[in-house]
Amino acid sequence: MTSTQRFRYAIPTVAFCVTTAAIFFGIIAGQDSGAELTPMQLSLATLAGVLSGGLAYWQVKAQIDPRRLTGIRDSNARNLPGTSNLFQLPPDIEDFTGHSEQAAELAATLLNRHSDTAVPIVALYGKGGVGKTTLAVHVAHRVRSHFADGQIYVNLRGAESRPLDPAVALTRFLNELGVDSDSIPESVDDRARIYRAQLAERRVLVVLDNAGSEAQIRPLLPGGVECAVLITSRARMAGLSGAHMHQVDVMTREDGVALLNTLVGAERARAEPRETEEVAELCGMLPLALRIAGARLSSRPMERIETFATRLRDERRRLDLLEVGDLAVRANFSLSHEACGDELKRCFRLLGTVKTQDFSAVTLGALADLPTESAERHLEGLLDLELLETAGVDPLGNYRYRFHDLLRVFARERLQTDETAAARKEAARLLLGARAAQGGGRGTGACQPLHVQHRGRAGRPVARPGLPVHHRDLLHVRPQHRLRLPGDRGGDDHRGAEGEQRGGDEVGSRRLPGHGPGLHRGPGNRVGD
C-alpha cells in the first residue's frame, strides 16, 4: 500500500478524533469558569463529542471511498470525447479487394462538407452478399482519424425477422455516451433529443449497418455538423432526405478472380487459371459466394479446382456447395425473400420459370395471371428488395428486369419447393397462351431491333449502342416436345438446368449475327454463354 493510500484510509479516523475533541472541549469551555463539572455534564459532553466525531467519520469515508472514486472516474471517462468505449468499429479485413474507386469516393463524401449545417449521410445499398458491410467498415477505418471523438457502430438487423428497435439502439448509445440508465426517458423522441445533445459538440462517425427502413434510421441520426453517418441496407433508402446514395454492385471479373486467387493461393490458382475463372463466373462475382468458394477450396488443398468447378456447374447443387461455417448464400438470399409478402414471393418464384436473360411486366403478368399494372408494381417491389436488377428500358419506356445468376438459381429452388407440379405447368400454359395471342412463332416478326438504354447506378438511363434483342420474353416450347420446367428431372431428354438454359427461343441465348458470344453478359449474369 502506498503512502497516499495509507493517508486516504487514515483521514476518516483523523476526522473522528478532531471532531470529537472539538465538541467535547467546546462544551467544557462553555461552562462557567471555576465551576466544577458534574458527572452528568461530563458524560453528555463526551457523548456529544463521540456522536459528532462518528458522523464526521462516515461522511468523510463516503467521500473518499475507492469504489465511489472509480465510479466517478469511469463516468467522467464516458463523458469525455475520444474515450475507448466509443471506438466500436468491427475489424477491417486484410484481403479487401475491389471497389477501390468507390471506397475513395465514399471517404471523400464523408469528409468533404457540402453544408455548414447538415450532417453528411452516406447510404450504401445492394443485394445480399454483395459486400456492403465489408465496404462500409473498410471506409470507416480509412476515415477514423478524422473522427477523434469516436466511432459508434450498431447492427440494426433490418433484413431479419425481428429488426433492432431504434429505442433499444438509442439506449445503448446513451449508455455508451455516459448517460445513466435511470435518466433515459421512455419515448423514442426524447431519447433521440438527448442523443443529439450528447453528440452536438463531438466529431463522431455513426455506422448504422444492415438498416431496414428510413423509420428505423431517423431517430439515430445525429444533429451535430461535426458528425457523419454511414448506412448500409439492402433497400434503397429513397425517403432519406439529403443522403448520398451509392449502390454496391458485384465485383468486376478482374477483381473477382483476383480475390479468388488470394483466397486459394496464387500458386494454386496459376496452376488452373481457366478453372479459377470459371469458379468466379459460377459465383456470379458475388463477394460472399467468392469467399465461400475460396474457403472451401483452401480447406481442401488436395482437391483440384477443376473438380470443384465441375460440381458447381450443376445448378441443383450450386447453393449447397456455396455454404461454409456460418456463411451461406442461400440463407443470405432467404432474408430478402422472407421480407416479401405472399404475392411477391409467388411472383419471385414464378419468374424462375423464365429462361430469357431479361423480361418485362408482360412476362410476369402472363405467368401470374395479373394485369400488367399489377405485374409492374410487383416487379418494382422485387427490385426494391434487391431480388431483381434493372436490365434496361425499351423505346416505349417499358423497364426490363433480370436476375443475378445465383438469385435465378434460388428462384428456381423456391419454384420447385413451394409450387406443385400442376401449378408450374399452369404457369407455363399461361405464358404460352400469351405468346400465342401475340402471334408467336419463329418466323417473321420474331425479332425487332430495340435500342436498349441501360440504367446507371443512380437509376438514370444511360444510352448505349442499339443492340438487336428478342422482343418476346416468352418461354418457347416446341409442340412435339414434352413440357419441361426448371427442376423437372424425368423424361428421356434430361439435360439438367444448364442444358435447359441453352434450349428454346430465348433472349440472349442466341448468338446474333455480327456479334460474338456473351453479347449481353455482365458480371453476375452468365445467360447468353
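Going by the structure above, here's the rest.
As the structure is a computational prediction, the values presented were derived from the model and not from experiment. (Residues numbered from 1 in each chain as written. Predicted model: local features only at pLDDT ≥ 70, side-chain atom pairs only at ≥ 80, totals over all residues. Heavy atoms only, no water.)

**Structural notes on the sheet that holds strand 4 (residues 228–233)**
- The five strands are arranged 2-3-4-1-5 in an open sheet whose pairing can be described as parallel. Two strands bound the open sheet, and with one partner strand each, they are strand 2 (151–155) and strand 5 (244–247). The mean angle between the axes of side-by-side strands here comes to 15 degrees, regardless of whether they run parallel or antiparallel. (Pairing = 2+ DSSP bridges. Helix = DSSP H or I, 4+ residues; strand = E, 2+ residues; numbered from the N terminus. Axes fitted to C-alpha atoms, helices over the stretch in contact; angles between N-to-C directions.)

**Some details on the side chain of Thr-276**
- Relative to the assigned elements, Thr-276 resides in helix 11 (residues 273–282).
- For Thr-276, the contacting residues outside a window of four places in its chain are Leu-260, Asn-261, Ala-269 and Ile-305. (Contact = heavy atoms within 4.5 Å.)

**Quick look at the nonpolar core**
- Judged by nonpolar contacts, the single largest core of 76 residues is most densely connected at Leu-230, Val-279, Leu-322, Val-329 and Leu-351.
- Not counting the four nearest positions on each side in its chain, Val-329 is found in contact with Leu-288, Ala-289, Ile-292, Leu-319, Leu-322 and Leu-406.
- Residues Val-119, Ile-184, Ala-192 and Met-237 belong to the second largest nonpolar core, which totals 32 residues. (Core = buried A, V, L, I, M, F, W, Y, C linked by side-chain atoms within 4.5 Å. Buried < 20%, exposed > 50% of the residue type's maximum accessible area, 1.4 Å probe, protein only.)

**A look at the packing of helix 11 against helix 13 (residues 305–313)**
- Axis separation between helix 11 and helix 13 bottoms out at 9 Å; the angle between their running directions is 30 degrees. Put simply, helix 11 runs roughly parallel to helix 13. Regarding helix 11 and helix 13, the two cross each other, and that crossing is left-handed. Taking contact as the criterion, the partners of Glu-275, Thr-276, Glu-278, Val-279 and Leu-282 in helix 11 are, on helix 13, Ile-305, Glu-306, Phe-308, Ala-309, Leu-312 and Arg-313. (Parallel < 35°, antiparallel > 145°, perpendicular 65-115°, else oblique. Left-handed = near helix turned anticlockwise from the far one by under 90°.)

**Here we look at helix 12 (residues 287–298)**
- Taking 1.5 Å of rise per residue, twelve residues should cover 16 Å, and helix 12 covers 16 Å from first to last C-alpha, within 8% of that figure.
- The element helix 12 is extensively covered by neighbouring structure, given that nine of its twelve residues are classed as buried.
- Restricting attention to buried positions, one finds in helix 12 the residues Pro-287, Leu-288, Ala-289, Leu-290, Ile-292, Ala-293, Gly-294, Arg-296 and Leu-297. (Expected span 1.5 Å × (residues − 1).)

**Digging into the pattern of salt bridges**
- For the structure shown, the criterion picks out 23 salt bridges.
- A salt bridge links Glu-315 to Arg-412, with the shortest nitrogen-to-oxygen separation between them at 3.1 Å. Here Arg-412 lies in helix 19 (residues 405–418) and Glu-315 lies in helix 14 (residues 315–321), a separation of 97 residues in the sequence.
- Residue Glu-315 is classed as buried on the basis of its relative accessible area, which comes to 7%.
- With relative accessibility at 8%, the residue Arg-412 sits in the buried group.
- One continuous salt-bridge network, built from bridges that share partners, spans Lys-127, Glu-389 and Arg-402. (Salt bridge = Lys/Arg side-chain N within 4 Å of Asp/Glu carboxyl O.)

**Re the packing of aromatic side chains**
- Across all of its chains, the model carries five aromatic pairs by this definition.
- Over the ring of Phe-147 we find Arg-203, and its NZ or CZ is 5.5 Å from the ring centre. (Phe/Tyr/Trp six-rings, centres within 6.5 Å; stacked < 30°, edge-to-face > 60°. Lys NZ or Arg CZ within 6 Å of the ring centre and 35° of its normal.)

**Quick notes on the pairing of strand 8 (residues 389–393)**
- Most of strand 8 sits out of view: four of its five residues are buried.
- Bridge count for strand 8 against strand 9 (residues 399–402) is four bridges, and the pairing is antiparallel. In the strand pairing of strand 9, Gly-392 is matched with Arg-400.
- Here strand 8 folds back onto strand 9, and the loop between the two strands holds five residues, one of which, Gly-397, carries a positive phi near 90 degrees.

**Points about the packing of helix 16 (residues 342–350) against helix 18 (residues 372–384)**
- Two numbers describe how helix 16 lies on helix 18: the axes approach to 10 Å, and their chain directions differ by 90 degrees. If you check the angle between helix 16 and helix 18, you find them roughly perpendicular. From helix 16, Glu-343, Leu-344, Cys-347 and Phe-348 reach across to helix 18, where they touch His-378, Gly-381 and Leu-382.
- For the contact of helix 16 with helix 18, the class distribution of residues is four nonpolar, two polar and one charged. (Nonpolar A, V, L, I, M, F, W, Y, C, P; charged D, E, K, R; others polar.)

**Re the environment of Leu-230**
- Tracing the backbone shows Leu-230 in strand 4.
- Leu-230 gets classed as buried once you look at its relative accessible area, which sits at 0%.
- Apart from the residues lying within four places of it in its own chain, the contact partners of Leu-230 are Leu-110, Val-122, Leu-124, Ala-136, Val-139, Ala-140, Val-206, Val-207 and Leu-208.

**Things to note about unusual backbone geometry**
- At Met-285, a position not held by glycine, the phi torsion is positive, near 55 degrees.
- Along the polypeptide, Met-285 turns up in the loop between helix 11 and helix 12.
- Accessibility expressed as a relative area gives 2% for Met-285, which makes it buried.
- Backbone geometry at Asp-369 places phi at a positive 55 degrees, although glycine is not the residue there.
- Mapped onto the elements, Asp-369 comes out in the loop between helix 17 (361–368) and helix 18.
- Taking relative accessible area as the criterion, Asp-369 reaches 59% and is therefore assigned exposed.

**Considerations on the environment of Leu-327**
- Within the secondary structure layout, Leu-327 lies in strand 7 (residues 327–328).
- Leu-327 sits in the partly exposed class, given a relative accessible area of 38%.
- Between the C-alpha atom of Leu-327 and that of Arg-291, which follows or precedes it by 36 residues, the distance is 9.1 Å.
- The contact partners of Leu-327, leaving out residues within four places of it in the chain, are Leu-288, Ile-292 and Leu-322.

**Notes on the environment of Arg-113**
- Inspection of the secondary structure assignment puts Arg-113 in the loop between helix 4 (100–111) and strand 1 (121–125).
- For Arg-113 and Val-225, which are 112 residues apart along the polypeptide, the C-alpha to C-alpha distance reads 8.9 Å.
- Within the local environment of Arg-113, its side chain forms a polar contact with the backbone oxygen of Val-225, the two atoms lying 2.2 Å apart.
- Polar side-chain contacts of Arg-113 include one of 3.1 Å to the backbone oxygen of Cys-227. (Polar contact = N/O pair within 3.5 Å; in protein donor to acceptor, adjacent residues only side chain to side chain.)

Purely geometric stuff here, so don't read any function into it on its own.
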